Amino acid sequence: IFMSIKLVVFDIAGTTIQDETGVMEAFRSTLKKNGYDVPMKEVAQVMGYKKIEAIAILLENNEPDKSKITPERIGTIHTDFVNHMISFYQNSPAIAIFPHAEDTFRKLHDCGIKVGLNTGFTRAIADTIINRLQWQEKGLVDYLTASDEVENGRPHPYMINKMMQAFGIIDPAEVAKVGDTEVDVREGQNAGCKYVIGITTGSFTREELELYHPTHIIDDIAEVIDIVTH
């Protein structure tokens with residue numbers, strides 16, 4: 001029997017919102033302020049992670065004195081980052097949405113498919129973005145969840161599981177995941193999604209995404225429609 005897709009879960013930064021570099025810059029400058037000069041390429045590799053975990057990973061790689069890597073220190077850097085991002089999204093003149101993102105949400109709804117958003121950000125940052133874009137008020141997005149609302153962020157499948165539960169979806173073969181990083185792909189795979197779609201508009205190139213074997217790699221969010229409705 002053909003299981004049709006009932007839910008598509010999209011990542012936010014780098015997938016639906018064009019500011020992966022803004023996020024990476026904020027991340028870098030927060031680390032720099034705290035004494036760590038981390039190359040952009042290294043920051044890019046941890047982008048899809050829950051941000052507090054991303055900070056822990058980067059400190060492990062950049063702090064020779066492991067005794068300095070305390071939960072307090074990681075927490076301080078994370079708080080700095082969250083405050084930085086909230087003011088960035090509140091004050092940045094325009095939050096740039098990828099071309100075709102809103103249109104893709106509408107077309108999915110026309111096909112009776114739910115649209116979910118998930119993120120490695122905290123709920124406070126995610127709300128700042130989505131409230132400003134009014135996506136829930138406009139009926140473009142049905143559900144939003146963030147990495148601090150579940151036991152573990154990506155690559156664990158908990159954010160997707162939470163959304164499936166909210167919609168009463170039992171079979172992950174009725175779900176597709178779309179994201180721009182390694183952990184987005186692994187999250188979709190761990191959740192058992194039928195389609196795990198890597199997109200090249202964020203911090204990973206096509207070649208980098210290929211290493212994780214998503215079911216599809218696309219260059220434009222509009223391509224999601226054909227994949228999930230064929």
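A few points on the structure.

Criteria and thresholds
Residues numbered from 1 in each chain as written. Predicted model: local features only at pLDDT ≥ 70, side-chain atom pairs only at ≥ 80, totals over all residues. Heavy atoms only, no water. Helix = DSSP H or I, 4+ residues; strand = E, 2+ residues; numbered from the N terminus. Rg over C-alpha atoms; globule rule 2.2 N^0.38 Å. Contact = heavy atoms within 4.5 Å. Areas by Shrake-Rupley, 256 points an atom, 1.4 Å probe, with all protein chains shown as cover. Lys, Arg positive; Asp, Glu negative; His and termini not counted. Charge placed at Lys NZ, Arg CZ, Asp CG, Glu CD. Axes fitted to C-alpha atoms, helices over the stretch in contact; angles between N-to-C directions. Parallel < 35°, antiparallel > 145°, perpendicular 65-115°, else oblique. Nonpolar A, V, L, I, M, F, W, Y, C, P; charged D, E, K, R; others polar. Pairing = 2+ DSSP bridges.

1. Section: the overall build of the protein chain
Secondary structure summary: the protein chain contains 10 helices and six strands in total. Its C-alpha atoms give the protein chain a radius of gyration of 17 Å, near enough to 17 Å, the size a compact globule of 230 residues would have. Across the protein chain, contacts joining residues at least 24 apart in sequence account for 67% of those joining residues at least 6 apart. As displayed, the protein chain has an accessible area near 9800 Å², and 52% of this comes from carbon and sulfur atoms. Charge separation in the protein chain, taken as the distance between the mean sites of 22 positive and 34 negative side-chain charges, equals 3 Å.

2. What about the packing of helix 4 (residues 71-91) against helix 6 (residues 123-133)?
For any two helices packed against each other, one specifies the crossing angle of their axes together with the interaxial distance. Between helix 4 and helix 6, the shortest axis-to-axis distance is 9 Å and the interhelical angle comes to 5°. Comparing the axis directions of helix 4 and helix 6 gives the class roughly parallel. Taking contact as the criterion, the partners of Phe81, Val82, Met85, Ile86, Tyr89, Gln90 and Asn91 in helix 4 are, on helix 6, Ala124, Ile125, Thr128, Ile129 and Arg132. In terms of residue class, the contact of helix 4 with helix 6 is made up of eight nonpolar, three polar and one charged.

3. Observations concerning the sheet that holds strand 4 (residues 175-179)
Strand pairing in a sheet relies on backbone hydrogen bonds, with the paired strands running either antiparallel or parallel. Pairing within the open sheet is parallel, and its six strands lie in the order 3-2-1-4-5-6. For this open sheet the edge positions go to strand 3 (143-146) and strand 6 (216-218), each flanked by a neighbour on one side alone. Ignoring which end each strand starts from, the neighbouring axes of this sheet average 20° apart. In the sheet, strand 5 (residues 195-199) pairs with strand 6 via three bridges, with the strands oriented parallel. In the sheet register, Ile199 faces strand 6, and the bridge partner there is Ile218. Across the sheet, helix 6 is in contact with strand 2 (114-119) and strand 3; its angle to strand 3 comes to roughly 145°.

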